[in-house]
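# Remarks on the overall topology
The residues making up each chain are set out below.
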Amino acid sequence: NGSDGDYAATATIAHDGRVRVRVAGHVLADWRVNVIADAAPRIAFVGTPKRTEQDALAFHFKASDDYGVTQVSVMVAPKNRPGAPSVTVPLDGAGKNFEQTSFADLTSNPYAGMLVEARMVARDGAGQRTLSAPISFTLPARIFTDPLARALVEQRGNLAAAPNAGARRHVADMLAAFTIAPERFFDGKRSAYMAIRSARWGILGARTPDDLNHVSDLLWDTAIALERGGL
C-alpha cells in the first residue's frame with residue numbers, strides 16, 4: 001500500500017493464466033499471461049586454454065542464455081584420479097550472448113602442474129547451472145628449485161586429490177618421512193621443520209574441508225618460504 005493509495009503485489013507465475021485488477025467490484029485491468037519457460041544457459045570452450053607470459057591461463061569461451069548468464073566459472077579436477085574433488089575458479093563473464101577471454105592465475109592451485117579435466121560452468125538469474133563438454137590440459141605450475149619445497153608442493157597436490165582418509169594418511173606419512181633426523185637435515189630451518197610437523201598433525205586431525213584447506217595453505221607458504229631462503 002503506497003502513500004498515495006497505490007497497491008502492489010508480487011507473485012511467481014508458473015503457468016499460463018489471466019490476471020485481473022478489481023476495485024469495489026469493477027475490473028480496472030485484465031491481462032492474459034502466456035508463460036515462456038526459462039531455458040538453461042549454454043557455455044563452451046573456444047579452443048584449449050592458453051598459458052600467458054605471466055603464467056596465467058587465458059580461457060576463451062562463448063556463452064548464452066535467454067535472460068542472460070549471470071556467473072561464469074571453470075571447474076578443474078585431476079585427470080585419471082577417480083574420486084579426486086574438483087576445484088571451482090570464478091571467471092569474468094555475463095550477458096545474453098557473448099564470446100570473450102577471461103584470465104586466471106592458477107599457479108598456486110593445488111593441482112598446478114597436473115594434467116586436469118576442466119569444464120566451463122554457466123549460471124543464470126534463476127540459478128540454473130550448465131556444464132560445458134570437458135577438455136584436458138596441464139595447469140601451469142610455479143618452478144621450485146629447492147628440493148624440499150618441490151616435495152612439499154607435490155604432497156600438497158596429492159592431498160588435494162586424495163579421495164579418502166587412507167590417501168590422506170599416506171600424505172601424512174610422507175610428511176613424517178621428510179622430518180626424520182631434524183638435527184641433520186633442518187639445520188637453520190627449525191621453523192620449516194615445525195611447519196611440516198604441524199601440517200602432518202593437521203591432516204591426521206582434520207574433521208572438515210576447511211581443516212584440510214588450512215594444511216594446504218601451510219604447505220604452500222612453507223614451500224614459498226623455503227624457495228626464498230627464509231621464513
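Definitions and limits used
Residues numbered from 1 in each chain as written. Predicted model: local features only at pLDDT ≥ 70, side-chain atom pairs only at ≥ 80, totals over all residues. Heavy atoms only, no water. Helix = DSSP H or I, 4+ residues; strand = E, 2+ residues; numbered from the N terminus. Core = buried A, V, L, I, M, F, W, Y, C linked by side-chain atoms within 4.5 Å. Buried < 20%, exposed > 50% of the residue type's maximum accessible area, 1.4 Å probe, protein only. Contact = heavy atoms within 4.5 Å. Expected span 1.5 Å × (residues − 1). Arc of directions from axis to C-beta. Salt bridge = Lys/Arg side-chain N within 4 Å of Asp/Glu carboxyl O. Axes fitted to C-alpha atoms, helices over the stretch in contact; angles between N-to-C directions. Parallel < 35°, antiparallel > 145°, perpendicular 65-115°, else oblique. Left-handed = near helix turned anticlockwise from the far one by under 90°. Nonpolar A, V, L, I, M, F, W, Y, C, P; charged D, E, K, R; others polar. Polar contact = N/O pair within 3.5 Å; in protein donor to acceptor, adjacent residues only side chain to side chain. Patch = residues over 30% accessible without salt bridge, like charges linked within 9 Å, V, L, I, M, F, W, Y side chains within 5 Å. Areas by Shrake-Rupley, 256 points an atom, 1.4 Å probe, with all protein chains shown as cover.

## Focus on the environment of Ala176
- Tracing the backbone shows Ala176 in helix 2 (residues 165-178).
- Sequence spacing of Ala176 and Arg200 is 24 residues, and the spatial spacing of their C-alpha atoms is 6.7 Å.

## Let's talk about the nonpolar core
- Of all hydrophobic cores here, the largest spans 27 residues; its most connected members are Phe59, Val72, Val74, Tyr111, Met120 and Phe137.
- Element by element, the count of residues in this core is highest for strand 5 (residues 57-78), at eight residues.
- Dropping the residues within four chain positions of it, Tyr111 is found in contact with Val76, Ala77, Pro78, Ala84, Pro85, Val87, Val116, Leu139, Gly157, Ala160 and Ala161.

## With respect to helix 4 (residues 190-204)
- Its 15 residues give helix 4 an end-to-end C-alpha distance of 22 Å, which sits within 8% of 21 Å, the value for a rise of 1.5 Å per residue.
- Here helix 4 has its buried residues at Ala192, Ala195, Ile196, Ala199, Arg200 and Ile203. Around the axis of helix 4, the buried residues are gathered within 140° of arc, so they sit on the same side. Exposed and oriented more than 90 degrees from the buried face of helix 4 are Arg190 and Trp201.

## Focus: the pattern of salt bridges
- Inspection of every chain in the model, using the stated rule, returns five salt bridges.
- Put simply, Asp55 and Arg51 hold a salt bridge, and the shortest N to O gap is 3.0 Å.
- A relative accessible area of 29% places Asp55 in the partly exposed class.
- Of the charged contacts in the structure, one is a salt bridge between Glu117 and Lys79, with a shortest N-O distance of 3.6 Å. Placement of Glu117 in strand 8 (residues 115-124) and of Lys79 in the loop between strand 5 and strand 6 (87-91) is noted, with a sequence separation of 38 residues between them.
- Salt bridges here are not isolated pairs; linked through shared partners, they connect Arg18, Arg20 and Asp30.

## Observations concerning the packing of helix 2 against helix 4
- The geometry of helix 2 relative to helix 4 is characterised by a closest axis approach of 9 Å and an angle of 160° between their N-to-C directions. In terms of axis orientation, helix 2 runs roughly antiparallel to helix 4. Considering how the two elements wind past one another, helix 2 and helix 4 form a crossing that is left-handed. Facing Arg168, Arg169, Val171, Ala172, Leu175 and Ala176 of helix 2, the residues of helix 4 in contact are Ile196, Arg197, Ala199, Arg200, Ile203 and Leu204.
- Grouping the constituent residues of the contact of helix 2 with helix 4 by class yields eight nonpolar, no polar and four charged.

## Re the side chain of Ser216
- Positionally, Ser216 belongs in helix 5 (residues 209-228).
- Here Arg156 takes part through its side chain, which lies 2.9 Å from a polar atom of the side chain of Ser216.

## Some thoughts on a nonpolar patch on the surface
- A cluster of nonpolar side chains, Ile13, Val19, Val21, Val23, Leu28, Trp31 and Val35, forms an exposed patch at the surface whose accessible area comes to about 600 Å².
- Here the nonpolar patch takes three residues from strand 1 (residues 17-23), the largest share from any one element.
- Inspection of the secondary structure assignment puts Val21 in strand 1.
- With a relative accessible area of 32%, Val21 lands in the partly exposed category.

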